[in-house]
Amino acid sequence: MQKQTTFVILFLAAVATTFPSVSGAKRLLANRAEKKLGNHDLPDAEKQQIVEEFGKDMLNLFKEMDKSRTCGPFKFACKDGKQCTDDWARCDGSSDCDDHSDEQDCFNHTCIKGLVKCADQLQCIAEEWLCDMYVDCNDGSDEVAKTCEMTCPPGMVKCDDDRQCYEKKWTCDGVVDCASGSDERNCHAYECERNWQKCSDGRQCINSSWICDSKKFCADGSDEDDCGHDKELDWTLCLDGVTTKCANEKQCYLNRLRCDGREACSDGSDEWGCEKYDCPKDMVKCLSDTQCIYFEWLCDHEVHCLDGSDELNCDFAGLDSGSASEIDFTSDRETSTGIW
């Protein structure tokens, strides 16, 4: 008995001083046992009882030491002692341990930060997986209406599945924003937002400033039809910052059609006073000083200026596409007209 007691004392002393990774409670236990067993006045029977009393704790101590030695921080040790898995994979609904111990006792398991419990309390999933249109909980609770019911902020519209919000101006804009597609339904009956206009097919609303900007936004291409040609633009509504009222006050024309060399107003007022008119930033004046054209139309092998000046003095040597940014316009053109 004396040899056994001496061995236990030496072992517990080593545990208390050698393994700082062991919890403070276990180290306290080891110190206390060492002191009791070191009392030589105790009868052997009582010392034997102390050894047996701490036997299970010593075994648990070994297990904890082994865990700290084989599984690093933020890891879970499988019960068979043969594997380690990530803490975040504990109770995720899929076994990572061969003995399936990472999916046991999940009802009492607390999910780590960033994860939430499914309704059955048996599974942890990432918070961002809630209401993402994919079922991640085995019980489906991450996608049920009660979980996903939401209130949209001002200026936003809720999709008919109650799971998404989108900006009101995106309604019937030709792009599906709701997973259910509800933002692009019944567009014929939908009235476009202020400063937005219906395409000819009645299925799509586009920003009025996009009309006749040389880029097609309407699926049917109607936003680029009849732009600055012989047909009149007979609009019943003038839009601030987008259109201007003709002198006859019966029509409105797009601001971009001002001084483009073609009459949009039936009285021709959109082409009056062009000598003093400053073209928009992406447009330049023809030599006549009475017409604005897009900068990219310069030297594009097609005459746009009524006086033909956009195709004069164009050096196309070595150019692939006649890009105006690559052309030297230093010539005898007067600098008082536009950029020349």
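All figures in this text were calculated on a predicted structure; none of them were measured in a lab. (Residues numbered from 1 in each chain as written. Predicted model: local features only at pLDDT ≥ 70, side-chain atom pairs only at ≥ 80, totals over all residues. Heavy atoms only, no water.)

S.K.: Just to check I follow, could you spell out the overall build of the protein for this structure?
M.R.: The number of helices and strands found in the protein is five helices and 12 strands. Each of the 340 residues in the protein was classed as buried or not, and the buried ones make up 37%. Within the protein, contacts between residues at least 6 apart in sequence are counted, and of these 23% link residues at least 24 apart. (Helix = DSSP H or I, 4+ residues; strand = E, 2+ residues; numbered from the N terminus. Buried < 20%, exposed > 50% of the residue type's maximum accessible area, 1.4 Å probe, protein only. Contact = heavy atoms within 4.5 Å.)

S.K.: In this structure, what is going on with the nonpolar core? I would like to understand it.
M.R.: Ranked by internal contacts, the top residues of the largest apolar core, which has 14 residues, are Ile 206, Ile 211, Cys 212, Tyr 253, Leu 254 and Leu 257. Excluding its chain neighbours within four sequence positions, the residues that come into contact with Cys 212 are Asp 223, Glu 224, Cys 227, Leu 254, Arg 256 and Tyr 294. Counting seven residues, the second largest nonpolar core, distinct from the first, contains Cys 259, Cys 274, Tyr 277 and Met 283. (Core = buried A, V, L, I, M, F, W, Y, C linked by side-chain atoms within 4.5 Å.)

S.K.: Mind showing me how you'd approach the environment of Cys 172 here?
M.R.: As for its position among the elements, Cys 172 is in the loop between strand E6 (165-167) and strand E7 (196-198). With 33 residues separating them along the chain, Cys 172 and Cys 205 place their C-alpha atoms 5.8 Å apart. The residues touching Cys 172, leaving out its near neighbours within four places in the chain, are Asp 183, Glu 184, Arg 185, Cys 187, Tyr 190, Arg 203, Gln 204 and Cys 205.

S.K.: Quick question: what am I supposed to make of the packing of aromatic side chains here?
M.R.: In this description, a pair of aromatic rings is defined by centroid distance and the angle of the planes. Within this structure, the stated rule accounts for three aromatic pairs. Each member of the aromatic cluster is reached from another via a ring pair, and the members are Trp 196, Trp 210 and Phe 217. The positively charged end of Arg 90 is found above the aromatic ring belonging to Phe 76, 4.8 Å away from the centroid. For the cation-ring pair, Arg 258 lies above Tyr 277, with the distance from its terminal atom to the ring centre recorded as 4.9 Å. (Phe/Tyr/Trp six-rings, centres within 6.5 Å; stacked < 30°, edge-to-face > 60°. Lys NZ or Arg CZ within 6 Å of the ring centre and 35° of its normal.)

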